[in-house]
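Listed below are the residues making up each chain.
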Amino acid sequence: VQLVESGGGLVQPGGSLRLSCAASGLTFSTYDMSWYRQASGKERELVAVITSAGGSTNYADAVKGRFTIYRDNAKKMVYLQMNSLKPEDTAVYYCNGLRRIGVSTVRYWGQGTQVTVSS
């Protein structure tokens, strides 16, 4: 299983970026997909989640109204559109896939992509 993030980089405050996560080796359409982030010296936190069929999304309060998560199950891709970026959005962003099978949970992580918001 591989989750490969791309699209990170340096952007000025107020700017936009779109992160992409390409999945392989799993039945993508059966996984809830999420974006997490981890700033330097801080714990990893959930940013946004989308259910397996894409019917429901949820966001951290800090990004509501600015970030949008969406997916393309045919392409096995999940995206995070980030608008109105702030310096506090600076972090490594990770793609995560989660599937619950009975009482078990299967979870996969990508390697992360750095987002830096700075003037």
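Anyway, here's the lowdown on the structure attached to this text.

About the thresholds
Residues numbered from 1 in each chain as written. Predicted model: local features only at pLDDT ≥ 70, side-chain atom pairs only at ≥ 80, totals over all residues. Heavy atoms only, no water. Phe/Tyr/Trp six-rings, centres within 6.5 Å; stacked < 30°, edge-to-face > 60°. Lys NZ or Arg CZ within 6 Å of the ring centre and 35° of its normal. Core = buried A, V, L, I, M, F, W, Y, C linked by side-chain atoms within 4.5 Å. Buried < 20%, exposed > 50% of the residue type's maximum accessible area, 1.4 Å probe, protein only. Helix = DSSP H or I, 4+ residues; strand = E, 2+ residues; numbered from the N terminus. Salt bridge = Lys/Arg side-chain N within 4 Å of Asp/Glu carboxyl O. Pairing = 2+ DSSP bridges. Axes fitted to C-alpha atoms, helices over the stretch in contact; angles between N-to-C directions.

**Considering the packing of aromatic side chains**
Counted under the stated rule, the structure contains four aromatic pairs. The rings of Tyr36, Tyr94 and Trp109 are connected pair by pair, giving a single aromatic cluster. The side chain of Arg44 reaches across the aromatic face of Tyr94, ending 3.7 Å from its centre. In this structure, Arg71 is placed above the aromatic ring of Phe28, and the distance from its NZ or CZ to the ring centre is 4.5 Å.

**Overview of the nonpolar core**
Residues Trp35, Val78, Leu80, Met82 and Tyr93 are the most contacted members of the largest nonpolar core, which totals 27 residues. Elements represented by at least two residues in this core include exactly strand E3 (17-24), strand E4 (32-38), strand E5 (45-50), strand E7 (67-72), strand E8 (77-82), strand E9 (91-101) and strand E11 (113-117).

**Looking at the pattern of salt bridges**
Under the criterion given, the structure shown has four salt bridges. Of the charged contacts, one joins Asp89 and Arg37 as a salt bridge, the two residues approaching to 2.9 Å between their closest N and O atoms. Of this pair, Asp89 sits in the loop between E8 and E9 while Arg37 is found in strand E4, placing the two residues 52 residues apart along the sequence. In this structure, Asp89 and Arg37 share a single accessibility class: buried. Asp61 is the partner of Lys64 in a salt bridge, and the nearest nitrogen-oxygen pair spans 3.2 Å. Judged by relative accessible area, which is 48%, Lys64 ranks as partly exposed. A relative accessible area of 65% places Asp61 in the exposed class.

**Remarks on the pairing of E8**
For E8, a buried count of five out of six residues is recorded, marking the element as mostly surrounded by other parts of the structure. Sheet topology places E3 next to E8; six bridges connect them, and they run antiparallel. Of the residues in E8, the one forming a bridge with Leu17 is Met82. Relative to E8, E7 is paired through six bridges, and the arrangement is antiparallel. Bridging across to E8, Tyr70 finds its partner in Tyr79. Hairpin connection from E7 to E8: four residues lie between these consecutive antiparallel strands, with Lys76 at a positive phi of about 60 degrees.

**Digging into the sheet that holds E8**
The strand order across the open sheet formed by four strands is E1-E3-E8-E7, and the pairing between neighbours is antiparallel. Bordering the open sheet on either side are strand E1 (2-6) and E7, each of which pairs with just one other strand. The mean inter-strand angle of the sheet, taken between neighbouring strand axes irrespective of direction, is 15 degrees.

Spatial relationships are all this shows, so hold off on functional conclusions.
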